[in-house]
Each structure stands twice: as structure tokens, then as C-alpha cells.
Amino acid sequence: MEANFFLGKDLIDAFNDAYEKELSLTGKEIIEQLIKNAEIARTEEVPMCQDTGFAVVFVELGQEVHILGGALEDAINEGVRRGYTEGYLRKSIVGHPLERINTGDNTPCVLHLKLVPGDKLKITVAPKGGGSENMSAIKMLKPAEGVEGVKKFVLDTVKTAGPNPCPPIIVGVGIGGTFEKSAILAKEALLRSVGSPSPRPEIACLEKELLDEINKTGIGPQGLGGRYTALAVHVEIYPAHIASLPVAVNLNCHAGRHKEIIL
Ligand code: SF4
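Residues numbered from 1 in each chain as written. Predicted model: local features only at pLDDT ≥ 70, side-chain atom pairs only at ≥ 80, totals over all residues. Heavy atoms only, no water.

**So, the sheet that holds strand β8 (residues 259-262)**
Link 1 in the chain: Across the sheet, which stays open at both edges, the 4 strands sit in the order β2-β1-β3-β8 with mixed pairing between neighbours. Looking at which strands have only one partner, the edges of the open sheet turn out to be β2 (110-116) and β8. The average angle at which neighbouring strand axes cross in this sheet is 15°, direction not considered.
Link 2 in the chain: Judged from the 7 bridges that link them, strand β1 (residues 54-62) and β2 form a sheet pairing that is parallel. Residue pairing across strands places V59 opposite L113, the latter belonging to β2.
Link 3 in the chain: In the packing of helix α4 (residues 72-86) onto the sheet, the strands contacted are β1, β2 and β3 (121-128), and the crossing angle to β1 comes to about 140°. (Pairing = 2+ DSSP bridges. Helix = DSSP H or I, 4+ residues; strand = E, 2+ residues; numbered from the N terminus. Axes fitted to C-alpha atoms, helices over the stretch in contact; angles between N-to-C directions. Contact = heavy atoms within 4.5 Å.)

**Let's talk about the site of the ligand**
Link 1 in the chain: C49, Q50, D51, G129, G131, S132, C166, C253, H254 and R257 make up every residue found near the ligand.
Link 2 in the chain: Of the residues assigned to the shell around the ligand, the class counts are 3 nonpolar, 5 polar and 2 charged. (Near = heavy atom within 4 Å. Nonpolar A, V, L, I, M, F, W, Y, C, P; charged D, E, K, R; others polar.)

**Quick word on the sheet that holds strand β7 (residues 245-252)**
Link 1 in the chain: Taking strand neighbours across the sheet as the criterion, the 4 strands line up as β4-β7-β5-β6 in an open arrangement whose pairing is mixed. At either end of the open sheet lies a strand with only one pairing partner, and these are β4 (137-141) and β6 (230-240). Direction aside, the axes of adjacent strands within the sheet are offset by 15° on average.
Link 2 in the chain: With 6 bridges joining them, strand β5 (residues 169-177) and β7 adopt antiparallel strand pairing.

**Some points on the domain arrangement of the protein chain**
Link 1 in the chain: Here the protein chain is partitioned into domain 1 (54-128) and domain 2 (131-255).
Link 2 in the chain: Counting each side, the surface lost to burial between domain 1 and domain 2 is near 610 Å², with a carbon and sulfur contribution of 68%.
Link 3 in the chain: The largest share of the area that domain 1 buries against domain 2 comes from F58, H112 and K128, three residues that together contribute 74% of it.
Link 4 in the chain: Inspection of the region where domain 1 meets domain 2 yields 2 salt bridges.
Link 5 in the chain: For E188, the salt bridge is made with K114, and the minimal N-O distance between the two is 3.6 Å.
Link 6 in the chain: Inspection of the region where domain 1 meets domain 2 yields 3 residue pairs in polar contact (both at pLDDT 80 or more).
Link 7 in the chain: Elements represented by at least two residues in the side of domain 1 that touches domain 2 include exactly β2 and β3.
Link 8 in the chain: With 3 residues, β3 is the largest single contributor of residues to the side of domain 1 that touches domain 2.
Link 9 in the chain: Taken together, the residues that form the side of domain 1 that touches domain 2 break down as 2 nonpolar, 2 polar and 2 charged. (Domains from an automatic or database assignment. Buried area = accessible area lost by both parts, 1.4 Å probe. Salt bridge = Lys/Arg side-chain N within 4 Å of Asp/Glu carboxyl O. Polar contact = N/O pair within 3.5 Å; in protein donor to acceptor, adjacent residues only side chain to side chain.)

**Focus on the pattern of salt bridges**
Between side chains of opposite charge, a pair can form as their charged atoms come close.
Link 1 in the chain: Tallied over the entire structure, the rule returns 20 salt bridges.
Link 2 in the chain: Across the salt bridge formed by K152 and D156, the nearest N and O atoms sit 2.7 Å from each other. Of this pair, K152 and D156 are both found in helix α6 (residues 146-161), 4 residues apart, which corresponds to roughly one turn of the helix.
Link 3 in the chain: Of the residues examined, D156 reaches a relative accessible area of 30% and is grouped as partly exposed.
Link 4 in the chain: Residue E207 is joined to R192 by a salt bridge in which the shortest nitrogen-to-oxygen separation is 2.9 Å. Residue E207 is located in helix α8 (residues 201-214), and its partner R192 is located in the loop between α7 (179-189) and α8; the two are separated by 15 residues in the primary sequence. (Buried < 20%, exposed > 50% of the residue type's maximum accessible area, 1.4 Å probe, protein only.)

**As for helix α2 (residues 9-21)**
Link 1 in the chain: With 13 residues, α2 ought to run about 18 Å at 1.5 Å a step, and its terminal C-alpha atoms sit 18 Å apart, in line with that.
Link 2 in the chain: In this structure, the buried side of α2 is in contact with α3 (25-44), β5 and β6. (Expected span 1.5 Å × (residues − 1).)

Below, the structure is given as C-alpha cells:
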């Protein structure tokens, strides 16, 4: 519920910055509406978008933690069920991708579980809207395509998406690993504080270059033209097979929602 009602300060700061710097009057007006919308959601405790998302949950489980009384995944799904029911959040999940009957309580979540050192349990809930998820893409590049191939694929993905992911967007990019690892990296990249650079200087440079290129496309806020097509590009990397260069681009709309708790 909190993830859907209260946008993070990092994102609100990014909206305010974009409002100051946007050159298109229509774009400026749209960003102003996004700021007001986020404020209404926060003060009235209502979702900031009607699409309250697929509940994507990242769990970091300390290896010294022992969970009693039932399955962790069942407990998390119960939390999702209660949150979406008590918070009057839209139920957007169908139980079978082809038969398409709504499960009625937004379960199941998509759970990513990582075992880490320590005795804590960190849960991050990141509701993900369908519009921006649908415009995300993955490609297995040839290693010889290199960084230029990566840049082209990211830009092509953003241009193809156009207004559909509700810009200004946050662009999560995963490079390396296997097919599925790159996709998870791209999703994890969206959890970073908006605009925080990668600690790797060469990747921070790539993020900046991609953001500049994306914001030259002119797609702009809500696709109506302007400078702010994206608020940030976050790139995560992982070692790769000698024969592979996977690249995943996970687009997040301006509703970059996530909340975390450490138990
Ligand atoms: S893409 Fe994001 S902002 Fe657009 S409708 Fe979906 S959740 Fe809402």
C-alpha cells in the first residue's frame, strides 16, 4: 500500500529537477501534473496510478535466519493479498496467461529470493505497471557488437516504446550473465535511487551517455514532446560467457514505486 501511495523522495526530486529544466511548455505542464498527482496520492493515501502493478518482491534472506510457522512465499503472498484488498488497489493478475481469469487478489507475486550473509530479512516490494513492462526488451548480442551494440539496442528499445511506458521513464539495463540474469539485473537496476550513478566509472559514463541520447529523441513527458523522455538510466553488469553479450532493458514509467523493510 505504501509503495503505491508514497513515491520516494529521490523520484519527487527528479520530477522537480525535470520541471525546472524542461524546455517544452506542454512537457513542463505534464511534469507539474505528475508532481501534483504524487502529492494527492501521498496526502489522500490513494494509488498514484490506476495500474497498481504486478507485486514484484525482492527478498534478501540472511543465511542465519530460520523461518518458522510456514512457507516464506506463502507469507509474502498473504501480505500482497491483504495489501491489495485493504488498500483498494487494482487487482491486475490473471491466474493463467492464456485463459486469463483474474485471481481477484493480485496474487501471486513475482518473488526473487537471494541468500545473503547475516541474520536479517530485507523485503523490497516493487509494484510494476503493465504498460512499461510491455515495452521492455531483451537481446542476445554478439560479443563483437560491444558497447556500440548495447547503446543501439537501448536506444532502439526506448524509441520503439515511444509514449507507451508513460514517460518520463527510468531505464534499467542489465548487461552480461545469462538470458535470465540480464533481465533480473535490469529489474534490480530500477531499485536504485533515481539518478544515482554506478560506482564503476566506465558504467557511470555509459549511463550518462545513454541518458543524453535518450533525451535527444524528443519523445518527452507522456510522449507529447520535450526534453525529459527519461529521468535516469541505471546499468548493472555481470560477468558473461565468452560467446555471449546479453542485454536486457527494463523500462519503468514515472511511477517508479518501491518500498523496503528490514526485519
Ligand atoms: S505504465 Fe506506469 S504510469 Fe503508465 S499506466 Fe502503467 S503503472 Fe501507470
